Amino acid sequence: QLQLVESGGGFVQAGGSLRLSCAASGTIFSINFMGWYRQPPGKQRELVATITSGGSTNYADSVKGRFTISRDSAKNTVYLQMNSAKPEDTAVYYCNADITTWTRRSSDYWGQGTQVTVSS
């Protein structure tokens, strides 16, 4: 059974920092890319950042210069360092990964989500 488990969410004051982690486990052959999405209250889910197996990154304009995505391939883990947090960053953050399993099938997987609340 393959799963993504997020951790590190919580409360932070505006201007503060928070670090999210997401660990993938199970029948993993390779992870092609990993990323973070978020869903603010009453809004649709949106891209935050992605990182490829080669380390190339992509960020939403709203978080560029404040958030940093990184990954530890040996641990099948992706991180999101959130600095200079703003109240508009308040959302449920979801980890996403494109994973090839031992059966050589690739699929999209999601974590359960972790709440981040930024107070003004």
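Residues numbered from 1 in each chain as written. Predicted model: local features only at pLDDT ≥ 70, side-chain atom pairs only at ≥ 80, totals over all residues. Heavy atoms only, no water.

Trainee: Mind showing me how you'd approach the nonpolar core here?
Mentor: Nonpolar side chains in soluble globular proteins generally cluster together in the buried interior. Ranked by internal contacts, the top residues of the largest apolar core, which has 30 residues, are Trp36, Leu80 and Tyr93. For this core, the secondary-structure elements that each account for two or more residues are strand E3 (18-25), strand E4 (28-39), strand E5 (46-52), strand E7 (67-72), strand E8 (77-82), strand E9 (91-101) and strand E11 (114-119). Looking at which element gives the most residues to this core, the answer is E9, with five residues. (Core = buried A, V, L, I, M, F, W, Y, C linked by side-chain atoms within 4.5 Å. Buried < 20%, exposed > 50% of the residue type's maximum accessible area, 1.4 Å probe, protein only. Helix = DSSP H or I, 4+ residues; strand = E, 2+ residues; numbered from the N terminus.)

Trainee: What is the right way to look at the pairing of E8 in this model?
Mentor: Working note: regular strand, side chains alternate between the two faces of the sheet. A large share of E8 lies buried, amounting to five of its six residues. Bridging between E3 and E8 involves six bridges; their strand directions are antiparallel. Considered in E8, the bridge of Arg19 is made with Gln81. Linking two consecutive strands that pair antiparallel, namely E7 and E8, is a turn of four residues; a positive phi of about 50° is found at Asn76 within it. (Pairing = 2+ DSSP bridges.)

Trainee: Where do I start with the side chain of Asp98 in this structure?
Mentor: Looking at the element boundaries, Asp98 is found in strand E9. Of the buried charged residues, Asp98 lacks a salt bridge, with Arg71 as the closest side chain of opposite charge at 9.3 Å. A distance of 2.5 Å separates polar atoms of two side chains, one belonging to Asp98 and the other to Asn32. Ignoring any residue separated from it by four or fewer positions in sequence, one finds Asp98 in contact with Ser30, Ile31, Asn32, Phe33, Ser106, Ser107 and Asp108. (Lys, Arg positive; Asp, Glu negative; His and termini not counted. Salt bridge = Lys/Arg side-chain N within 4 Å of Asp/Glu carboxyl O. Polar contact = N/O pair within 3.5 Å; in protein donor to acceptor, adjacent residues only side chain to side chain. Contact = heavy atoms within 4.5 Å.)

Trainee: How should I be thinking about the sheet that holds E3 in this particular structure?
Mentor: Reading across from one edge, E1-E3-E8-E7 is the order of the four strands in this open sheet, with antiparallel pairing throughout. Both edges of this open sheet fall to strand E1 (3-7) and E7, since each of them pairs with a single strand only. The mean angle between the axes of side-by-side strands here comes to 15°, regardless of whether they run parallel or antiparallel. (Axes fitted to C-alpha atoms, helices over the stretch in contact; angles between N-to-C directions.)

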